[in-house]
Amino acid sequence: MRKLPAFLFTGFLVLLTSGFSGLGQQAAQKKPLIETPSMRLAAARNVFITRTHGNRIPLDVIRSTMEGWERFTFVETPDRADLIIEISSTGDSGVQVSSSSNVSPETGKEEKSNSTRKDISPTDIKMTVFDSRNKRPLWAATESVKFAVKEKGKENNLVEAAERLASKFHDRLEPSGK
C-alpha cells in the first residue's frame with residue numbers, strides 16, 4: 001500500500017474536522033422561536049390596564065374581574081408590564097341642554113330660548129390587549145351596551161357589558177374544553 005504524502009493527510013484532517021465543526025455551529029444556530037399571540041398571552045404575568053376614553057365603570061369592572069382570576073399582577077407603569085390593556089367606551093348617551101338669547105327684530109326685546117337634546121347613540125366598550133415589548137395587538141373585542149333611559153339602568157348595563165368583555169378575554173386565555 002502506498003503512503004499518502006504528509007501534506008495531503010494533514011489537508012484531509014483539516015477538511016474533516018472543519019466539516020464537523022460546521023455541523024456543530026449549525027446546531028447551535030437554530031432558528032429563533034416565533035411567539036404567537038397565544039403564546040405571548042399565556043406567558044404574560046404583569047399587566048398595565050388603562051382607560052383611553054369614556055366612562056370609568058368598564059375599567060373598574062374589568063380590572064376587578066381580572067384581579068379575581070389571580071393570574072396577573074397589576075403594575076403601575078407600562079414599562080414594567082408584559083401586557084398593556086386599553087379600555088375605551090364610546091357613544092356615552094346623555095342629555096345636552098343649551099340656551100340662547102336673541103333680539104327680536106319685530107319687538108326689539110330680548111328673547112330667550114332653551115333647547116334640550118337627548119343623545120341616544122349606542123355605547124360600545126372596546127378592550128385591546130397589546131404586547132408591551134413591540135406594541136402589537138394580541139387580542140381585541142368590542143361589546144355593545146344595552147340602551148337604558150334611567151341613569152341606574154345605564155350603569156347596570158355598562159357593568160354587564162364589561163363583564164361579558166372580561167369573560168371573552170378569559171375564554172381566550174383559558175379556552176374551555178368543548
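Scroll up for the structure.
How each quantity is defined
- Residues numbered from 1 in each chain as written.
- Predicted model: local features only at pLDDT ≥ 70, side-chain atom pairs only at ≥ 80, totals over all residues.
- Heavy atoms only, no water.
- Helix = DSSP H or I, 4+ residues; strand = E, 2+ residues; numbered from the N terminus.
- Buried < 20%, exposed > 50% of the residue type's maximum accessible area, 1.4 Å probe, protein only.
- Contact = heavy atoms within 4.5 Å.
- Areas by Shrake-Rupley, 256 points an atom, 1.4 Å probe, with all protein chains shown as cover.
- Pairing = 2+ DSSP bridges.
- Right-handed = clockwise from strand over helix to strand, strands pointing away.
- Axes fitted to C-alpha atoms, helices over the stretch in contact; angles between N-to-C directions.
- Lys, Arg positive; Asp, Glu negative; His and termini not counted.
- Salt bridge = Lys/Arg side-chain N within 4 Å of Asp/Glu carboxyl O.
- Polar contact = N/O pair within 3.5 Å; in protein donor to acceptor, adjacent residues only side chain to side chain.
- Parallel < 35°, antiparallel > 145°, perpendicular 65-115°, else oblique.
- Left-handed = near helix turned anticlockwise from the far one by under 90°.

Some remarks on the overall build of the protein
Move 1: A count of helices and strands for the protein gives 4 helices and 7 strands.
Move 2: Taking all 178 residues of the protein together, the buried fraction comes to 28%.
Move 3: For the protein, the proportion of contacts with a sequence separation of at least 24, taken over those separated by at least 6, is 66%.
Move 4: Counting only carbon and sulfur atoms, one obtains 54% of the accessible surface of the protein, whose full area is about 12,700 Å².

Section: unusual backbone geometry
Move 1: A positive phi angle, near 55°, is found at Glu70, a position not held by glycine.
Move 2: Mapping Glu70 onto the fold places it in the loop between α3 (57-69) and β2 (73-74).

Quick look at the pairing of strand β1 (residues 46-53)
Move 1: Judged from the 2 bridges that link them, β1 and β2 form a sheet pairing that is parallel. When the sheet's bridge partners are listed, Val47 is paired in β2 with Phe74.
Move 2: Taken together, β1, α3 and β2 form a β-α-β motif whose crossover is right-handed.
Move 3: With 6 bridges joining them, β1 and strand β3 (residues 83-90) adopt parallel strand pairing. Across the sheet, residue Arg51 finds its bridge partner in β3, namely Ile87.

Section: the sheet that holds strand β6 (residues 123-131)
Move 1: The 5 strands are arranged β2-β1-β3-β6-β7 in an open sheet whose pairing can be described as mixed. Edge positions in the open sheet fall to β2 and β7 (137-145), since each of these has one partner strand only.
Move 2: Pairing of β6 with β7 involves 8 bridges; the strand directions are antiparallel. When the bridges of β7 are listed, Ile125 appears paired with Glu143.
Move 3: Against the sheet, α3 touches β1, β2, β3 and β6, its axis set at about 165° to β1.
Move 4: Contacting β3, β6 and β7, helix α4 (residues 151-173) runs over the sheet at an angle of about 150° to β7.

So, the side chain of Asp82
Move 1: Along the chain, Asp82 turns up in the loop between β2 and β3.
Move 2: Summary of buried charges: Asp82 has no salt-bridge partner, and the nearest side chain of opposite charge, Arg40, is 4.3 Å away.
Move 3: At 2.9 Å, the side chain of Asp82 and the backbone nitrogen of Arg45 are in polar contact.
Move 4: Ignoring any residue separated from it by four or fewer positions in sequence, one finds Asp82 in contact with Arg40, Ala44, Arg45, Asn46, Phe130, Asp131 and Ser132.

Structural notes on the packing of α3 against α4
In a pair of packed helices, the angle between the axes and the distance between the axes together describe the arrangement.
Move 1: Two numbers describe how α3 lies on α4: the axes approach to 9 Å, and their chain directions differ by 40°. Accordingly, the angle class assigned to the pair α3 and α4 is oblique. For the pair α3 and α4, the sense of crossing is right-handed. Residues Ile57, Pro58, Val61, Ile62, Thr65, Met66 and Trp69 of α3 form the contact with α4, whose own contacting residues are Glu155, Leu158, Val159, Ala162, Glu163, Leu165, Ala166, Phe169, His170 and Leu173.

Things to note about the pairing of β6
Move 1: Along β6, 7 of the 9 residues are buried, which leaves the element largely enclosed by surrounding structure.
Move 2: Summarising the sheet, β3 and β6 pair through 8 bridges and their orientation is antiparallel. From the neighbouring strand, Thr90 faces β6, where its bridge partner is Asp124.
Move 3: Counted between consecutive antiparallel strands, the loop separating β6 from β7 contains 5 residues, among which Lys135 sits at a positive phi close to 60°.

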